[in-house]
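Residue-level listing of the chains:
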Amino acid sequence: MQADILASPLRMTMTPTRATWLIATVLALACTAFMTVGLSGRIGFILELRAVKLAALLVVGGGIGAATVLFQTVAANRILTPGILGFDALFLFIQTTLVMSLGGLGFATLNTGPKFLIETGVMMVAASALFGLLFRTRRADLSRMLLTGVIIGVLLRSLAGLMQRLMDPSEFAVVQSAMFASFNGVERTNLAIAAVLFAVILPLAQAMAGRLDVMALGRRNALGLGLDHDRAVLGVLALVAALTACATALVGPISFLGLLAASLAHHLTGTHRHAVLIPASALLGAAILVIGQTVFERVLGQQSSLAVIIEFGGGLLFLTLVLKGMLK
Amino acid sequence: MTRPFIIAVIVLTCLSVLSLLIGASRLDGNALHLLTISRAPRTLAALLCGAAMAVAGVIMQQLVRNRFVEPSTTGTTEGAMLGLLIITLIAPGAPVIVKMSAAALAALGGVAGFLALIHRLSPRDPFMVPLIGLIWSGILGAGATWFAWHADLVQYLGNWMTGDFSGVLAGRYELLWLAGGIAALAYISADALTVTGLGAARARALGLDHRRAMQLGLGAVALVTALVVVTVGAVPFVGLVVPNLVSRLMGDNLRRTLPVVALGGAALVLGADIVGRLIRWPYEIPVGTVVGVAGAAIFLWILNTRGGHSHAG
């Protein structure tokens, strides 16, 4: 898959840094709109509610956007995202297993802070195992790995379905509430933990930007340039697993958001330098969520459709990318 | 009579007897009544459904010339569900035959969309075909879910999405005989199917009307899928794993392998139904869920062993 699938005349007119600043400005405007449109009644109370939601949108969008760029560089492919390789199904599977083993009541009464940390931790370990497994078989051919990832997703989903059939209805209700991404009612403790984690991980990723640029040249070139490629891959995958696990544990699965953000970031900045790409993609991920939520909640007055629309649009983009890649 | 055929017959007989003996209530005074009203129809439904879906998978694989396609990875099943949703909305009281026809038409639409998508695809990469099919199915499925959500029909959709034999009674499954009949017709035209699998140019050179064969074959697949979805709900992966396993054992001469494929599909579905009935007796796990787990696991194995490599495409 070549980098220039989405080549366009637009980016010729803008330097990468300027494009990033433009995205940041759009995001700032979107945040202002989100906070201020349709304010009435007890303004202080509403602003506080909105601020928490906005923080969740920013953290999740930024985390997933950055993670996807890292993941795509390691995978040497612009179509792959953690979500497409079965991460969402893994999340569902782990949620179901936790409810199953702890019982619905035990699961619901766990302290939110520790529960969040446990979920994130379990998912990080499982995701590293899954990605590691997939990447070991990758050398041979990419499409087989993709299909394997998708089918592992189907398998995990079916297993989760099987366990859900064995549960009490009350336990099932607990699982069901975790199945769809929702930004309403995000726990503030969890949000704080996630924000701190992101504040640690994003600079780490940014610090690796130079190494990532070398990795993007391919394994052989990277080795030739003196980079311990396999070890670097493991390090990046750990960061990806942490970011994605954290975001998913916070609000639930949004599989195609990362694909949208990363594709747009490559398209708008037109650079291969990760020092620009990582922040651009993080900003874009956050901007997509904030704009989408503003439009749906304030303008259209709908609560639940954002996740569905992102899935739908992202799915179409995925198909387009696959087909364009095939035509090359 | 090949050896795999004889083994399949023996396995199937044992499973059928087991299926007749297992259930929530005991076989006592009313045994005959229970058997004729519930157990026998249920066993027959599982056999017919498994055989028909496995054969539909083979037909699909020959027409598309790819080993990894079947109705649930090409948008056919999701198309049938969409059709059912729409007809349920327009005419809730329509007779089942009308609903079935609507589902079959929509299933045909689903598979036509899939074919249009892969038409632009280079056939060099056999794994991309099912991948695109899965995404296409996902988009259709998301559309169906969204639609059902707005029309308050999510529960109906759930029934069609997961195949389940627990509602099968005498008088409620007979449409499946039609699916079985279509599978039998496929055996009569096995040679034509084999030739179709060689590709359009070679098929024409051998004197086959390739276009017509495609139309008939796709029509048969859509009809079988619609029949199964209407009567018991979707049963995924049967059409994919059974033909692949059989072809590893016996090669690709459909005249020889089709009967084994049909028996194997029947055995897989009936076996899954029995497991679903036993796993949490006296409650039941739907067959669609059990087949989903088993089928995905077998598919992964097929995909990542050496055989999948050399046979792909």
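About the cut-offs
Residues numbered from 1 in each chain as written. Chains lettered and ligands numbered in written order. Predicted model: local features only at pLDDT ≥ 70, side-chain atom pairs only at ≥ 80, totals over all residues. Helix = DSSP H or I, 4+ residues; strand = E, 2+ residues; numbered from the N terminus. Rg over C-alpha atoms; globule rule 2.2 N^0.38 Å. Buried ≥ 20, exposed ≤ 12 C-beta atoms within 10 Å, placed from the backbone. Contact = placed C-beta atoms within 7 Å. Nonpolar A, V, L, I, M, F, W, Y, C, P; charged D, E, K, R; others polar. Expected span 1.5 Å × (residues − 1). Arc of directions from axis to C-beta. Axes fitted to C-alpha atoms, helices over the stretch in contact; angles between N-to-C directions. Left-handed = near helix turned anticlockwise from the far one by under 90°. pLDDT = per-residue confidence, 0-100. Parallel < 35°, antiparallel > 145°, perpendicular 65-115°, else oblique. Core = buried A, V, L, I, M, F, W, Y, C linked by C-beta atoms within 7 Å.

Helices and strands together make up the secondary structure of chain B, namely 14 helices and zero strands. Going from the N terminus to the C terminus, chain B shows its helices and strands as α-α-α-α-α-α-α-α-α-α-α-α-α-α. For a compact globule of 313 residues, the expected C-alpha radius of gyration is about 20 Å, and chain B comes in at 19 Å, within 12% of that figure. Taken along its principal axes, the extent of the C-alpha atoms in chain B is 65 × 50 × 35 Å. With 313 residues in all, chain B has 51% of them scored as buried. Residue pairs in contact within chain B that sit at least 24 positions apart in sequence constitute 79% of those at least 6 positions apart.

Quick look at the overall build of chain A now. If you tally the helices and strands in chain A, you get 14 helices and zero strands. Along chain A, helices (α) and strands (β) appear in the sequence α-α-α-α-α-α-α-α-α-α-α-α-α-α when read from the amino end. Of all intrachain contacts in chain A linking residues separated by at least 6 positions in sequence, the fraction that spans at least 24 positions is 84%.

Listed as interface residues are 27 residues of chain A and, on the opposing side, 26 residues of chain B. Elements that contribute at least two residues to the side of chain A that touches chain B include exactly α6 (142–166) and α14 (305–327) of chain A. Its residues assigned to classes, the side of chain A that touches chain B shows 18 nonpolar, six polar and three charged.

Residues spaced three or four apart along an α-helix point in a common direction, a consequence of the helix completing one turn every 3.6 residues. All names here are of chain B. In this model helix α7 (residues 175–188) runs 21 Å from its N-terminal to its C-terminal C-alpha over 14 residues, within 8% of the 20 Å that 1.5 Å per residue would give. What α7 keeps buried is the set Leu-176, Ala-179, Gly-180, Ala-183 and Ala-186. Along the axis of α7, the buried positions cluster into a sector of 105 degrees, meaning they face one direction only. Exposed residues on α7 whose side chains face more than 90 degrees from its buried face are Leu-185 and Ile-188. Looking at the packing, one finds that the buried side of α7 touches α2 (31–64), α8 (190–196), α10 (210–231) and α12 (254–278).

Okay, the packing of helix α3 (residues 76–90) of chain B against helix α6 (residues 154–161) of chain B next. All names here are of chain B. Between α3 and α6, the shortest axis-to-axis distance is 11 Å and the interhelical angle comes to 145 degrees. With respect to the hand of their crossing, α3 and α6 are arranged in right-handed fashion. Of α6, the residues touching α3 (which contributes Met-81, Leu-84, Leu-85 and Thr-88) are Tyr-156, Leu-157, Trp-160 and Met-161. Among the residues making up the contact of α3 with α6, the classes are represented as seven nonpolar, one polar and no charged.

Residues and elements named next belong to chain B. Averaged over every residue, the pLDDT of chain B is 86; residues scoring 70 or more account for 96%. Of all secondary-structure elements in chain B, the lowest mean pLDDT belongs to helix α14 (residues 306–311), at 46, while α12 reaches the highest, 92. A low-confidence stretch, residues 308–313 stays under pLDDT 50, and its non-local contacts, those more than four residues away or across chains, total nine contacts. If you check the scores for this complex, the pTM reads 0.78 and the ipTM reads 0.80.

Before going further, it helps to spend a moment on the packing of α3(B) against helix α5 (residues 128–151) of chain B. Residues and elements named next belong to chain B. Running from N to C, α3 and α5 cross one another at 20 degrees; their axes reach a closest spacing of 9 Å. The angle between the axes of α3 and α5 places the two elements in the roughly parallel class. Considering only the axes of α3 and α5, their crossing is left-handed. Here Glu-78, Gly-79, Met-81, Leu-82, Leu-85 and Leu-89 of α3 lie close against α5, whose contacting residues are Ser-137, Leu-140, Gly-141, Gly-143, Ala-144, Phe-147, Ala-148 and Ala-151. The residue inventory of the contact of α3 with α5, partitioned by class, reads nine nonpolar, four polar and one charged.

Moving on, we come to the environment of A:Met123. All names here are of chain A. Along the chain, Met-123 falls in helix α5 (residues 112–138). Residue Met-123 is classed as buried on the basis of its C-beta count, with 24 C-beta atoms lying within 10 Å. Apart from residues lying up to four places away in sequence, Met-123 is in contact with Leu-90, Phe-91, Ile-94, Ala-245, Thr-248 and Ala-249.

A separate point is the nonpolar core. A:Val290, B:Cys49, B:Ala52, B:Val55, B:Ala103, B:Ala226 and B:Val269 are the most contacted members of the largest nonpolar core, which totals 201 residues. Ranked by residue count, the leading element in this core is α2(B), at 17 residues. Beyond its immediate stretch of four places on either side in the chain, B:Ala226 contacts B:Ala80, B:Met100, B:Ala103, B:Ala104 and B:Ala107.

Here we come to helix α11 (residues 229–251) of chain A. Under the 1.5 Å per step criterion, the end-to-end length of α11(A) is 33 Å for 23 residues, consistent within 8% with the ideal 33 Å. Just downstream of α11(A), A:Gly252 is the residue with a positive phi angle, here 110 degrees.

So, about the environment of B:Gly207. All names here are of chain B. With respect to the helices and strands, the residue Gly-207 is situated in the loop between α9 (200–205) and α10. For Gly-207, a count of 7 C-beta atoms within 10 Å puts it in the exposed group. For Gly-207 and Val-195, which are twelve residues apart along the polypeptide, the C-alpha to C-alpha distance reads 9.6 Å.

With that out of the way, let us pick up unusual backbone geometry. Residues and elements named next belong to chain B. One non-glycine residue, Arg-65, lies in positive phi territory at about 60 degrees. Looking at the secondary structure, you find Arg-65 in the loop between α2 and α3. Of note, Phe-237 is a non-glycine position whose phi angle comes to about 70 degrees, a positive value. For Phe-237, the location among the structural elements is in the loop between α10 and α11 (238–250). Take Phe-237: there are 27 C-beta atoms within 10 Å of it, and that puts it in the buried class.

Before going further, it helps to spend a moment on the confidence of the model for chain A. For chain A, mean pLDDT is 79; residues scoring 70 or higher make up 86% of the total. Counted against residues more than four places away or in other chains, residues 1–11 of chain A, with its pLDDT under 50, gives 16 contacts.

Here we take up the environment of B:Ala104. Residue and element names in this part refer to chain B. Checked against the element boundaries, Ala-104 lands in helix α4 (residues 96–119). For the pair Ala-104 and Val-224, spaced 120 residues apart in sequence, the C-alpha to C-alpha distance is 8.1 Å. If sequence neighbours within four positions are ignored, Ala-104 has contacts with Ala-222, Leu-223 and Ala-226.

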